[in-house]
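Chain residues, written in single-letter form:
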Amino acid sequence: MKVWLLGILIVAAYAKHEEYDGWTSYYVVPYDFDQLEAFNFVVQKYDLDVYGHPAIKREGLVLVDPANKKNFTDALEELGIKYRIHTEDMKTHLNLEDQMFTDKVSASPSRIGGRLPYNQYQSVEAIHKYMDDVAAAHPNIARVVTPTNSFHGQPIKYMRISTTNFQDSRKPVIFLDGGMHGREWLSIPPVTYAINQLVENVTDPTLLSRFDWILLPIVNPDGYRFSRQGSVTWRKSRSIVPGNQWSLMCPGVDIDRNFDFVWNTIGTSDNLCSYVYPGERPFSEVEARVVRDILHQHRNILMYISFSSFGSFIMYPWAFDGSLSEHAFRQHAVGISMADAINAAKHPNFLNYRVGNAGLIRGSGMAGTSVDYAHSVGVPLAYSIELPGLFGGYWMDPIWIEQIVIETWEGVKAGARRALATN
Ligand SMILES: *[C@@H]1O[C@H](CO)[C@@H](O)[C@H](O)[C@H]1NC(C)=O
Ligand SMILES: *[C@@H]1O[C@H](CO)[C@@H](O)[C@H](O)[C@H]1NC(C)=O
């Protein structure tokens, strides 16, 4: 009886976002590169969770726990960095968002089977079922591969799309992924929309005659599912290191810091509870290993794009130190083509995309990212595309999904054509 009651209390407390009691989120906008670097230093010092990265004269969003609030705002004031409150009390705000979320989801639940709608974020199961259905209906060009399962046993699935079964070595491969961070729900639909446009509703057959495609919509199904179940701000995987008590309290690894390229040297934290914890060792996470194995199995990948959110940025290597690779000119040219195409098709409420080196746009290095890793193993064009964000709340209203997948696909198409032209 008592145990039963305790269980109810824990569930109730959990559902009400107690962990965010007294937390505040702030918009921050650095005025120049010095301020941006100084902001990153403050973030690192207090190990803060950056929800949307600021850039020069572009607002970002950072979550601050009660113990660090005063120090954080004092530091920004001393540095002359402009900030304003996004939500005074995250707990209350998240509870309001839960209500909105519940209302919208019950109005239009995940569709299992048939065409995937873009008026709602879909469950892991609905997306995987969609991929299986597309492959079953188009066996001559589409195949689903399930290389392995996530830490908690959910399948990780990707789609191989080719009119020549990946046998024509003249056709370069384009690899898109999304859902590396659990909370970045918006990063998944652009990848499933690519499946739609390449297989179900083909408006440009040259995309199939000239390229082969690999589409991995949900790299981190455990993080995505956990985020959807109520912990909307969850970013990492959900893995636990056996025998490590800290790991039970603070599970998970930032998948996009777990790749074996200058791993854990900058922009990460050895604190297991940190939102940028890079893992015990490179490729400790099965979710990162799936991406690695795709990169290694296909020697002909011309372009890799990892979708994330938020910020309206198209960023290329090297992320770890802000230096340029020998492909920088081409990376920039193809990036500009993508940005131009998206900017021309985008919703007027969204910011224009910025294109640049990841380390320079962010004003800080990030070690162990998938994009740097892809480039280091020979993918000439590797991008992190941060999709638009309105920062109304933590949860991006699904009314924007359809617009975003359409405009983003314009960018991918333009990027593919330009990549080929410069090949
Ligand atoms: C925050 O500021 C207080 C008072 O100035 C100081 O004692 C404390 O050490 C600071 N915390 C950190 C993490 O630097
Ligand atoms: C097919 O895609 C185009 C955009 O590429 C869109 O305008 C059209 O409505 C789509 N058709 C169907 C049946 O979904």
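This is a predicted model, so every value here is computed, not measured.

A. Quick look at the site of ligand 2. Every residue near ligand 2 is listed here: Gln197, Asn201 and Thr203. With respect to ligand 2, the side chain of Gln197 contributes an N or O atom lying 2.8 Å from an oxygen atom. Here Asn201 contributes a side-chain N or O atom positioned 2.3 Å from an oxygen atom of ligand 2. When ligand 2 sits alone it has 370 Å² of accessible area, and the protein chains cover 37% of it.

B. Representation of the domain arrangement of the chain. Assigned domains of the chain: these are domain 1 (3–97) and domain 2 (124–227 + 277–421). Centre-to-centre separation of domain 1 and domain 2, based on C-alpha positions: 28 Å. Contact with domain 1, which involves 27 residues of that partner, is made by 20 residues of domain 2. For the domain 1 and domain 2 pair, buried surface summed over both sides reaches about 1,900 Å², with 52% attributable to carbon and sulfur atoms. It is Tyr51, His53 and Arg58 in domain 1 that bury the most area against domain 2; as a group they hold 39% of the surface buried on that side. On inspection of domain 1 and its partner domain 2, the count reaches one salt bridge. For Arg183, the salt bridge identified is with Asp49, shortest N-O distance 2.9 Å.

C. Examining the pairing of strand β6 (residues 155–161) more closely. Of all seven residues that make up β6, six are buried, and the element is covered over most of its length. With six bridges connecting them, strand β5 (residues 142–149) and β6 associate as antiparallel partners. Residue pairing across strands places Thr148 opposite Ile156, the latter belonging to β6. Hairpin remark: β5 followed by β6, antiparallel, with five residues in the connecting loop; positive phi at Gly153, about 85°.

D. The arrangement of the packing of helix α11 (residues 328–345) against helix α14 (residues 401–421) in detail. Following both chains from N to C, one finds α11 and α14 inclined at 145°, their axes separated by 8 Å at the closest point. Considering how the two elements wind past one another, α11 and α14 form a crossing that is right-handed. Residue-level contacts link Arg330, Ala333, Val334, Ser337, Met338, Ala341, Ile342 and Ala345 of α11 to Gln403, Glu407, Thr408, Glu410, Gly411, Ala414, Gly415, Arg418 and Ala419 of α14.

E. Layout of the state of the cysteines. Following the criterion strictly, the structure yields one disulfide and no others. One disulfide in the model links Cys250 with Cys273; its S-S distance is 2.0 Å. In this structure the cystine formed by Cys250 and Cys273 twists about its S-S bond by roughly 85°; its chirality is therefore right-handed. Taken as a pair, Cys250 in the loop between α9 (245–249) and α10 (286–297) and Cys273 in the loop between α9 and α10 lie far apart in primary sequence, 23 residues in all. Classification of Cys250 as buried rests on a relative accessible area of 14%. Assessed through its relative accessible area of 34%, Cys273 is described here as partly exposed.

F. Inspection of α11 at higher detail. With 18 residues, α11 extends 26 Å between its outermost C-alpha atoms, agreeing within 8% with the 26 Å of an ideal straight helix rising 1.5 Å per residue. Considered for burial, the residues of α11 that qualify are Ala328, Arg330, Gln331, Ala333, Val334, Gly335, Ser337, Met338, Ala339, Ala341 and Ile342. Those residues of α11 hidden inside the fold are in contact with β9 (301–309), β10 (313–316), β11 (354–357), α13 (370–376), β12 (381–387) and α14.

G. Inspection of empty space enclosed by the protein at higher detail. Throughout the structure, instances matching the rule amount to three cavities of 30 Å³ or more. What lines the largest cavity is Leu116, Pro117, Tyr118, Gln120, Tyr121, Gln122, Ile127, Trp185, Ile188, Pro189, Thr192 and Tyr224. A breakdown of the residues in the lining of the largest cavity according to their chemical character gives nine nonpolar, three polar and no charged. Each pocket or cavity is described by its volume, and for the second largest cavity that value is around 40 Å³.

What counts and what doesn't
- Residues numbered from 1 in each chain as written.
- Chains lettered and ligands numbered in written order.
- Predicted model: local features only at pLDDT ≥ 70, side-chain atom pairs only at ≥ 80, totals over all residues.
- Heavy atoms only, no water.
- Near = heavy atom within 4 Å.
- Polar contact = N/O pair within 3.5 Å; in protein donor to acceptor, adjacent residues only side chain to side chain.
- Areas by Shrake-Rupley, 256 points an atom, 1.4 Å probe, with all protein chains shown as cover.
- Domains from an automatic or database assignment.
- Contact = heavy atoms within 4.5 Å.
- Buried area = accessible area lost by both parts, 1.4 Å probe.
- Salt bridge = Lys/Arg side-chain N within 4 Å of Asp/Glu carboxyl O.
- Buried < 20%, exposed > 50% of the residue type's maximum accessible area, 1.4 Å probe, protein only.
- Helix = DSSP H or I, 4+ residues; strand = E, 2+ residues; numbered from the N terminus.
- Pairing = 2+ DSSP bridges.
- Axes fitted to C-alpha atoms, helices over the stretch in contact; angles between N-to-C directions.
- Left-handed = near helix turned anticlockwise from the far one by under 90°.
- Disulfide = S-S within 2.5 Å.
- Expected span 1.5 Å × (residues − 1).
- 1 Å grid on protein atoms, 1.4 Å probe; cavity = no way out; pocket = protein on both sides within 12 Å on 5 of 7 lines; lining within 4 Å.
- Points joined across faces, edges and corners; volume = space filled by probe spheres on them.
- Nonpolar A, V, L, I, M, F, W, Y, C, P; charged D, E, K, R; others polar.

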